[in-house]
Amino acid sequence: MKEDYYEILEITKSATAAEIKKAYRKKAIQHHPDKNPGDHEAEALFKKSAEAYEVLSDPNKRSRYDQYGHQAFDGGGGFSGGGMNMDDIFSQFGDIFGGAFGGGFGGGFGGGGRRTLKGSNLRIRVQLTLEEIANGVEKKIKVKRKKLAQGTTYKTCTTCNGQGQVTRIQNTILGRMQTSATCSACGGLGQIVDSKPENADAEGMLVTEETVSIKIPAGVVDGMQLKVSGKGNDAPGNGIPGDLLVAIEEKQHDTLQREGDNLHYDLYVSFSEAALGTSKEIETVTGKVRIKIDSGAQSGKILRLRNKGIPSINGYGTGDLLVHINVWTPKSLSKEQREFFEKMSDDEHFQPKPEKEDKSFFEKVKDMFS
Ligand SMILES: [Zn+2]
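Predicted, not measured: the structure shown is a model, and the values here were computed from it. All residue numbers refer to positions counted from 1 along the written sequence of the respective chain. In keeping with the model being predicted, local features are shown solely for residues with a pLDDT of at least 70 and side-chain atom pairs are shown and tallied solely at 80 or more, while totals for entire chains, interfaces and linings include all residues. Just so you know, side-chain values use all the structure's heavy atoms and leave hydrogens and water out.

Q: Outline the coordination of the zinc ion, listing residues and values.
A: Metal donors were taken as nitrogen, oxygen and sulfur atoms no farther than 2.8 Å from the ion, or 3.2 Å where the ion is Na, K or Ca. Water is excluded, so coordination may look unfinished. Note on the zinc ion: its protein donors are Cys157 (SG), Cys160 (SG), Cys183 (SG) and Cys186 (SG). The metal-donor distances range over 2.2 to 2.3 Å. Considering all four donor atoms around the zinc ion, angles at the metal cover 102 to 115 degrees and the coordination shape is tetrahedral. If you list the donors of the zinc ion from N- to C-terminus, the spacing comes out as C-x2-C-x22-C-x2-C. Within this pair, whereas Cys160 is found in the loop between strand 3 (153-156) and strand 4 (165-172), its partner Cys183 is found in the loop between strand 5 (175-182) and strand 6 (191-195), the two being separated by 23 residues in sequence. Just to be clear on the cut-offs, tetrahedral is four donors with all angles between 85 and 135 degrees, square planar is four donors and octahedral six with opposite donors over 155 degrees apart and all others between 65 and 115, and anything else goes down as irregular. Numbering of helices and strands runs from the N terminus; a helix is a DSSP stretch of H or I covering at least four residues, while a strand is a stretch of E covering at least two.

In structure tokens, the structure reads:
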């Protein structure tokens with residue numbers, strides 16, 4: 001059983017954003033690995049409270065958690081929520097402790113002032129068709145990553161003696177203060193490049209092209225960003241690689257328009273097809289389907305094909321395909337046709353007789369989208 005996030009942070013279910021932040025700050029300081037070296041229990045508590053904070057500080061995730069509990073994040077298609085790594089946790093600190101703590105708090109376990117460097121993130125865009133979005137897809141994408149060159153070796157930085165930090169004593173009005181700052185010679189790494197291949201850059205890196213396979217879950221939305229951990233640029237030394245951030249772009253579909261998880265399709269039928277009834281082939285994201293149009297079909301009527309839309313990214317079912325009927329009125333008529341319609345213009349069957357159902361049409365549409 002996973003523990004309740006509210007209990008972990010020791011707050012009530014009605015805690016405000018400020019209260020959540022305050023509670024997390026307290027827990028983070030209490031269980032911080034730098035304060036509890038080698039204490040695995042503290043480390044676990046530290047991670048737990050970070051995870052709780054990650055969910056409860058996000059109004060979206062919080063409301064999902066309130067509604068569905070931990071299940072809300074199970075099998076979440078590669079999104080964060082379950083299992084944060086230490087790097088994610090330290091990256092939270094920017095907004096918790098403000099700039100002062102952000103970097104200087106220092107990541108990396110095992111004591112010492114050395115920082116574990118993380119390589120920079122890479123960003124790419126991926127264009128997807130509506131069909132790919134509906135079904136989910138695996139994309140193989142060529143990415144240019146900085147990778148540590150074979151043969152690059154490091155030696156201990158002499159400026160900081162491998163500590164990654166330099167300590168200074170300053171006389172201030174408050175007395176003598178000891179401040180430490182990241183070593184500028186090695187950037188906090190504690191090591192500097194000793195030897196490297198000729199074609200590598202100053203950090204011993206080489207830009208290499210790599211094909212990365214990206215699993216894109218069904219239901220993604222234009223503008224959404226997926227994270228592929230560890231596929232960004234390498235970090236020098238024994239740092240960890242950055243992430244590859246994939247921005248989703250949805251290609252315009254020829255005939256289908258997306259609205260959330262629902263899709264819309266404009267179907268045109270001729271005057272006679274509407275009067276006599278017909279069947280039509282419709283394109284959907286999972287292939288073609290044939291639908292029946294009853295005789296006497298009216299323009300503006302909407303046929304709802306259940307579950308023929310886009311699956312919800314959060315796993316809440318699948319949207320529908322709404323087929324809008326448009327009756328095509330002839331724009332030009334032959335002499336004979338003109339005579340036919342003139343003859344029929346007073347005919348009882350040609351007089352509009354909207355039924356109750358048609359009158360409340362707009363209410364029905366409103367209903368569908370609510
Ligand atoms: Zn140094």
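Q: Residues and numbers for the sheet that holds strand 10 (residues 256-259), please.
A: Here, a strand pair is defined by DSSP locating no fewer than two bridges between the strands. Spatially, four strands are ordered 10-11-15-14 in an open sheet, and the strand pairing comes out mixed. Edge strands, defined here as strands with exactly one partner in the open sheet, are strand 10 and strand 14 (302-305). The mean inter-strand angle of the sheet, taken between neighbouring strand axes irrespective of direction, is 30 degrees. Alignment of strand 14 against strand 15 (residues 321-328), held across four bridges, turns out to be antiparallel. The residue of strand 15 that forms the bridge with Arg304 is Leu322. Helix axes are fitted only over the stretch in contact, all axes being lines through C-alpha atoms; the angle between N-to-C directions runs from 0 to 180 degrees.

Q: Talk me through the nonpolar core; I want residue IDs and the actual numbers.
A: We call a set of buried Ala, Val, Leu, Ile, Met, Phe, Trp, Tyr and Cys residues a nonpolar core when their side-chain atoms join them within 4.5 Å. Only protein chains enter the calculation, and the probe is 1.4 Å; a residue is then buried if its accessible area is under 20% of its type maximum, exposed if over 50%, and partly exposed in between. Ile214, Leu244, Leu267, Ile291 and Val323 are the most contacted members of the largest nonpolar core, which has 36 residues in total. Each domain span listed reflects an automatic or database assignment of domains. Counting contributing residues per domain, this core is built from domain 2 (117-151 + 203-252) and domain 4 (256-368), each supplying no fewer than three. The contacts of Ile214, once residues within four sequence positions are left out, are Ile124, Val137, Glu138, Lys139, Ile141, Val228, Leu244 and Val246. Listed in part, the 19 residues of the second largest apolar core include Tyr5, Tyr6, Ile8 and Phe73. The contact rule is simple, with two residues in contact once any of their heavy atoms fall within 4.5 Å.

Q: Explain the sheet that holds strand 9 (residues 244-250) to me, and be specific about the residues and the numbers.
A: Across the sheet, three strands lie side by side as 1-9-8; this open sheet has mixed pairing. Each edge of the open sheet carries a strand with a single partner, namely strand 1 (122-128) and strand 8 (225-228). Strand after strand, the sheet turns through a mean of 30 degrees between neighbouring axes, direction not considered. Pairing geometry for strand 8 and strand 9, over four bridges, is antiparallel. The residue of strand 9 that forms the bridge with Leu226 is Val246.

Q: Describe the packing of helix 3 (residues 40-56) against helix 4 (residues 59-68), with residues and values.
A: Where helix 3 meets helix 4, the closest approach of the two axes is 6 Å, and the angle between their N-to-C directions is 105 degrees. Of the possible angle classes, the one that applies to helix 3 and helix 4 is roughly perpendicular. Taking contact as the criterion, the partners of Glu54, Val55 and Leu56 in helix 3 are, on helix 4, Lys61, Arg62 and Tyr65. Taken together, the residues that form the contact of helix 3 with helix 4 break down as three nonpolar, no polar and three charged. When an angle is under 35 degrees it counts as roughly parallel; over 145 it counts as roughly antiparallel; between 65 and 115 it counts as roughly perpendicular; any other value is oblique. The classification used treats Ala, Val, Leu, Ile, Met, Phe, Trp, Tyr, Cys and Pro as nonpolar, Asp, Glu, Lys and Arg as charged, and all other residues, Gly among them, as polar.

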